[in-house]
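Structural overview
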Amino acid sequence: MKEILQSLATAILSGNKNAALEWAEKGLQSGIKPLELISGGLTVGLDEVGEKFECGEYYLPDMMLAAEAMSAVLEMLAPKLEQERNTSEQAVRVVIGTVKGDLHSIGKDIVIMLLKAAGMEIIDLGVDVPSANFVRSVADNGADVLGISALMTTTIQEQKKIIDLLVEMGLREKVKVIVGGAPLSEEWALKIGADAYAADAIAGVKKIKALLNLA
Amino acid sequence: MWFEPLSEKDLHLIHDLTLKILQETGAVVEGCEARQILMSAGCLEDDRRLLFPPRLVEDCLAHKVAVTLYGVDESIVLPLTEAPRSYTHNFGSVSVLLDPADNRIREAMLQDLIDFVRISDTLSHPDMVVPSLRPTDLPEEIASLAMTAYTIQNTNKPVDIGTASDRWEISYLIRIAAAIRGSVQKLVEKPIGTLSISPLSPLNFPADITEAIIESARSGLPITMLPCPTRGLTAPVTLAGGLVQQNAEQLAFLVLARLINKDTPLVYTCRLAGANMRTGCVSGRDPDIGYSGACAAQLARYYGLPSGVYGLDTGSAQPDLQSGYERAIGGLYPVLAGATLVSGIGALNAGLLASAEQLVIDDQIYAMIMHRQKGIAVTEEVIGAEVVNAVMRGGHFLAQEHTRNYMRKGEIFTGTLGNESPYEQWRATGSVTIREQAREKIRQLLAEHPGVLVSATVSHEIEVILEEARFERSG
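Quantities reported herein were computed from a predicted structural model and do not represent experimental measurements.

1. Looking at the overall build of chain B
Along its length, chain B carries 18 helices and 19 strands. Here the C-alpha atoms of chain B give a radius of gyration of 23 Å, agreeing with the 23 Å that 2.2 N^0.38 yields for 475 residues. Its C-alpha atoms put chain B at 80 × 55 × 50 Å along the principal axes. Counting across all 475 residues of chain B, residues that qualify as buried make up 55%.

See below:
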């Protein structure tokens, strides 16, 4: 059993999706519980990925491949987990999207991958999202965090509109707002009333954890 | 004579694989009109993507169109197609600048944009003035239009008419630029610049973008085709792979523009960048910026198109040593490769931060990079063997007509910035740094600039157009 969990962790560490799925399957067959596969295999592997990233040995593609391998296993385990899960523990829920008039998705997608790997539940609104949709989604899903991406000097104003709308709807205090995008700055985030600004995806994940006191 | 990083075989393989991608994968094309135009020319529909038959691409490429830009003052001419040299321009649309007064960053204001334009107007480089700053005190709904409006009133040089994101903006940008010449027809005859349009990478032309391309191509004005793929994020991580995808984006753009108006002047403009693989941001200290620009310049020449590439670039947030060496490496390759337009003047932080000091220093950097772009002439007259003979028989090089003559012709570079005094003398004259020199030059250039360069009538006409645009957008 130990060997199987170890191999699953190694498969995550090397970002090998097929191997991860195989070892998870083997684990189930030999009677290991899904939650144990997660805590003793997936999480162990992912923690090591995080360490390797921190110390500079791993780069974004290593993270993305590991996250994809992890997602594939989680998806495979999902139906079995439903039966097993009895904890009242609820995953952190993040609504995220790129503002209206802006079609850039890559930065947002990296953030999503990393947040998923950190075990958060993501509601991805996509790109070119009208401000009202952000606010509606926060309300409908009871989101803990709202991530707003804007990549152009012409579209960053939309971020302010969304925050203003949250205030107007009385939702601002209920959700932490983090903004991202190449033309932004800390100063901008403060000015528009966001809780945090992140210069890149890694910083974004850290700041979200800090905002929720998870760090 | 140019530095050519790609062999004939490389060029053919890049071309063939580009055609294969366009034929088998195609590009996402949205907007009914663009889809209709492309499909009636033979493109096949595969979901949101359109597949481009190689024959169609080859036919559109075969039609050659010369590109010539003129200054706002039409006596300035930039013959891009047969350019025997590179022309320079600044970066565009940054809303944050490094204030020379306190070395802090702050939001750009309209007066900053005007100052940047006037400084650029007076320096030798840039040859073409791009609205560098996106002022935050302009009404947001017409900011792009106003940037162009204030740029063209403060320089005599050719400009970037604007980076447009939809059809409406294009129509207003054309009207604003036409105010300079008196009519759209005269503007098309002697264009004061290009319209820039950026599709998304990989291979994605959203409806607003195709409509902007259609509107621009119909006008007959030159278009800067401006995809901005990032290796490892929105394009293959290898430089060769990035070049092929970027080439496919260029050729898909070209096909659409040529089908609308076969005589559309087009500039093959490449912004292929590398990513920081830890942050996922575009890297400003990527030594491949210049090299990929050199490759792209060669590809453009292969197709008979003028090229536009990155040149000066840096990751640094200061006009410092890092900025200096990164700019030198980024600028040299494309200039030696004979790229038609090279960019980057005045930008720090991978184009996210503007600096007037850097703008002034870049004039000098480009002057030095351009100094030997055309190589050296090797003739008996230039070599001057008889001068050696004369000096050896009791003369002095300084007293030779040959020396004075060729010194005046630029054989010896004479820059205006930078120190070369010995240490003691440098100390004795106030230990002036390059940035202090730059700040002094900024003051001097702004004091010398005559101000608004167009007539009161033209100025008024431009204001009326802006007012109309604002009314339309807010109403």
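2. Quick look at the sheet that holds strand 5 (residues 196–198) of chain A
Residue and element names in this part refer to chain A. With respect to topology, five strands assemble into an open sheet ordered 2-1-3-4-5, the strand pairing being parallel. Looking along the sheet, the strands with just one partner apiece sit at the ends: strand 2 (121–124) and strand 5. The average undirected angle you get between the axes of adjacent strands in this sheet is 25°. Sheet contacts for helix 7 (residues 157–168): strand 3 (145–149) and strand 4 (176–180); angle to strand 3, the most-contacted strand, approximately 155°. Against the sheet, helix 9 (residues 201–211) touches strand 3, strand 4 and strand 5, its axis set at about 160° to strand 5.

3. Some details on the pairing of strand 9 (residues 159–163) of chain B
Residue and element names in this part refer to chain B. For strand 9, a buried count of four out of five residues is recorded, marking the element as mostly surrounded by other parts of the structure. As paired strands, strand 9 and strand 10 (residues 193–197) are joined by four bridges and run parallel to one another. Bridging from a neighbouring strand, Asp 160 pairs with Thr 194 of strand 10.

4. Details of the side chain of Asn 154 of chain B
Residues and elements named next belong to chain B. Relative to the elements of secondary structure, Asn 154 occurs in the loop between helix 5 (143–152) and strand 9. Owing to a relative accessible area of 1%, Asn 154 belongs among the buried residues under this scheme. Looking at Asn 154, its side chain comes within polar contact range of the side chain of Arg 118, at 2.7 Å. Excluding residues within four positions of it along the chain, Asn 154 makes contact with Ile 114, Val 117, Arg 118, Asp 121, His 449, Gly 451, Val 452 and Leu 453.

5. Side note on the packing of helix 8 (residues 207–219) of chain B against helix 9 (residues 239–260) of chain B
All names here are of chain B. One way to put it is that helix 8 packs onto helix 9 with a least axis distance of 8 Å and a crossing angle of 45°. Classified by the angle their axes make, helix 8 and helix 9 are oblique. Helix 9 is crossed by helix 8, and the crossing has right-handed handedness. Contacts from Thr 210, Ile 213, Ile 214, Ala 217 and Arg 218 in helix 8 reach Phe 253, Leu 256, Ala 257 and Ile 260 in helix 9.

6. Quick word on the packing of aromatic side chains
Residues and elements named next belong to chain B. Overall, the coordinates contain eight aromatic pairs over all chains when judged by the stated rule. For the pair Phe 3 and Tyr 333, a centre-to-centre distance of 6.0 Å together with 35° between the ring planes defines the contact as tilted. Of this pair, Phe 3 sits in the segment before helix 1 (8–24) while Tyr 333 sits in helix 11 (residues 321–336), and the two are 330 residues apart along the sequence. On the accessibility criterion, Tyr 333 (31% relative accessible area) is partly exposed. Between Tyr 291 and Tyr 333, the ring centres sit 5.2 Å apart and the planes meet at 85°, which makes this aromatic pair edge-to-face. A residue pair is termed long-range when its members are at least 10 positions apart, and Tyr 291 in helix 10 (residues 288–302) and Tyr 333 in helix 11 qualify at 42 residues. Residue classification places Tyr 291 among the partly exposed residues on the basis of a relative accessible area of 28%. Taken together through their ring pairs, the aromatic side chains of Phe 3, Tyr 291 and Tyr 333 make up a single cluster. Against the face of Tyr 310 rests Arg 271, its NZ or CZ located 5.3 Å from the ring centre. Over the face of the ring belonging to Trp 168 we find Arg 473, whose NZ or CZ atom lies 3.8 Å from the ring centre.

7. Side note on helix 9 of chain A
Residues and elements named next belong to chain A. Within the span of helix 9, buried status applies to Ala 201, Ile 202, Gly 204, Val 205 and Ile 208. Down the axis of helix 9, the smallest arc covering the buried residues is 165°, so these residues share one side. The N-terminus of helix 9 is capped by Asp 200, whose side-chain oxygen sits 3.1 Å from the backbone nitrogen of Ile 202. Positive phi appears at Asn 213, one or two residues downstream of helix 9, with a value of about 55°.

8. Some remarks on the pairing of strand 4 of chain A
All names here are of chain A. Of all five residues in strand 4, four are buried; the element is thus mostly enclosed. After leaving strand 3, the chain enters helix 7 and then returns to the sheet as strand 4, a path that is right-handed. For the handedness criterion, the β-α-β arrangement of strand 4, helix 8 (residues 186–192) and strand 5 is classed as right-handed.

9. Overview of the interface of chain B and chain A
Counting residues at the interface gives 18 residues for chain B and 23 residues for chain A. At the boundary of chain B with chain A, total buried surface from both sides reaches about 1600 Å², with 62% on carbon and sulfur atoms. Connecting chain B to chain A are one salt bridge. Between Lys 191 of chain A and Glu 107 of chain B there is a salt bridge whose closest N-O contact spans 3.0 Å. At the junction of chain B with chain A, the criterion picks out four residue pairs in polar contact (both at pLDDT 80 or more).

10. Digging into the side chain of Gln 298 of chain B
Within the fold, Gln 298 of chain B resides in helix 10. Within polar-contact distance, the side chain of Gln 298 of chain B engages the backbone oxygen of Leu 6 of chain B at 2.6 Å.

11. As for the environment of Ala 41 of chain B
The topology assignment puts Ala 41 of chain B in the loop between helix 2 (32–40) and strand 2 (44–46). Those residues in contact with Ala 41 of chain B, other than ones at most four positions away along the chain, are Leu 56 and Leu 259 of chain B.

12. Quick word on the sheet that holds strand 7 (residues 96–98) of chain B
Residues and elements named next belong to chain B. Strand order across the open sheet formed by four strands is 8-7-19-18, with mixed pairing between neighbours. Both outer strands of the open sheet, strand 8 (105–107) and strand 18 (347–348), are each paired with one neighbouring strand and no more. With two bridges joining them, strand 18 and strand 19 (residues 353–355) adopt antiparallel strand pairing. By the bridge assignment for strand 19, Leu 348 is matched with Leu 353.

13. Examining the packing of helix 6 (residues 131–141) of chain A against helix 7 of chain A
Residues and elements named next belong to chain A. Between helix 6 and helix 7, whose axes approach to 9 Å, the crossing angle comes to 40°. Here helix 6 is positioned oblique relative to helix 7, judged by the angle of their axes. Here helix 6 and helix 7 pass one another in a crossing that is right-handed. From helix 6, Ser 131, Ala 132, Phe 134, Val 135 and Val 138 reach across to helix 7, where they touch Glu 158, Ile 162, Leu 165 and Leu 166. Here the residues of the contact of helix 6 with helix 7 are counted per class, giving seven nonpolar, one polar and one charged.

14. Observations concerning the confidence of the model for chain B
Low pLDDT marks stretches whose predicted atomic positions should not be read closely. Of all residues in chain B, 100% attain a pLDDT of 70 or more, and the chain-wide mean is 96. Reported for the predicted complex are a pTM of 0.89 and an ipTM of 0.80.

15. Side note on unusual backbone geometry
Note the cis peptide between His 125 of chain B and Pro 126 of chain B, where omega equals 5°. Along the chain, the position of Pro 126 of chain B falls in the loop between helix 4 (110–122) and helix 5. In this model, Ser 201 of chain B is joined to Pro 202 of chain B through a cis peptide bond whose omega is 0°. Mapped onto the elements, Pro 202 of chain B comes out in the loop between strand 10 and strand 11 (204–205). Positioned with a positive phi, Asp 128 of chain A is a non-glycine residue whose angle comes to about 55°. Relative to the assigned elements, Asp 128 of chain A resides in the loop between strand 2 and helix 6. The backbone of Ser 431 of chain B shows a phi angle near 50°, a positive value even though the residue is not glycine.

Parameters at a glance
Starting afresh in each chain, residues are numbered from 1 along the sequence in its written order. Each chain gets a letter, beginning with A, and each ligand a number, beginning with 1, in the order they are written. Local features in this predicted model are restricted to residues whose pLDDT is 70 or higher, and side-chain atom pairs enter the listing and the counts only when it is 80 or higher, whereas totals over whole chains, interfaces and linings include all residues. Note that water and hydrogens are dropped before the side-chain values are worked out from all heavy atoms of the structure. By definition, any uninterrupted DSSP run of H or I lasting at least four residues is a helix, any uninterrupted run of E lasting at least two residues is a strand, and each is numbered from the N terminus. The quantity called the radius of gyration is restricted to C-alpha atoms. Its globule counterpart is 2.2 Å times the number of residues to the power 0.38. Accessibility here uses a 1.4 Å probe with only protein chains present; expressed as a share of the type maximum, an area under 20% marks a residue as buried, one over 50% as exposed, and anything in between as partly exposed. Pairing between strands is defined by DSSP: at least two bridges between them are needed. Between the N-to-C directions of two axes lies an angle of 0 to 180 degrees, each axis being a line fitted to C-alpha atoms and, for a helix, fitted only over the stretch in contact. It only takes one pair of heavy atoms within 4.5 Å for two residues to be counted as in contact. What qualifies as a polar contact is a pair of N or O atoms within 3.5 Å, subject to a donor-acceptor requirement within protein and to the restriction that residues adjacent in sequence count only when both atoms come from side chains. Here the word oblique covers every angle except those under 35 degrees (roughly parallel), over 145 (roughly antiparallel) and from 65 to 115 (roughly perpendicular). Crossing chirality is assigned from the near helix's rotation relative to the far helix, an anticlockwise turn below a right angle marking it left-handed and a clockwise turn marking it right-handed. Only rings of Phe, Tyr and Trp enter the pairing, Trp through its six-membered ring, and a pair is recorded when the two centres are within 6.5 Å. The plane angle decides the type: under 30 degrees is stacked, over 60 is edge-to-face, the rest tilted. Note on criteria: charge over ring means Lys NZ or Arg CZ within 6 Å of the ring centre, with the direction from the centre no more than 35 degrees off the ring normal. In this description, the arc belongs to the directions extending from the helix axis to the C-beta atoms. Orienting the strands away from the viewer, one traces the path from the first strand over the helix to the second; a clockwise path indicates a right-handed crossover. Summed over both partners, the accessible area lost on bringing two parts together, with a 1.4 Å probe, is the buried area. In what follows, salt bridge is the name for a side-chain nitrogen of Lys or Arg lying within 4 Å of a carboxyl oxygen of Asp or Glu. Three classes are used, and their members are as follows: Ala, Val, Leu, Ile, Met, Phe, Trp, Tyr, Cys and Pro are nonpolar, Asp, Glu, Lys and Arg are charged, and the others, Gly among them, are polar. A residue's pLDDT is the predictor's confidence in that residue, given on a scale from 0 to 100.

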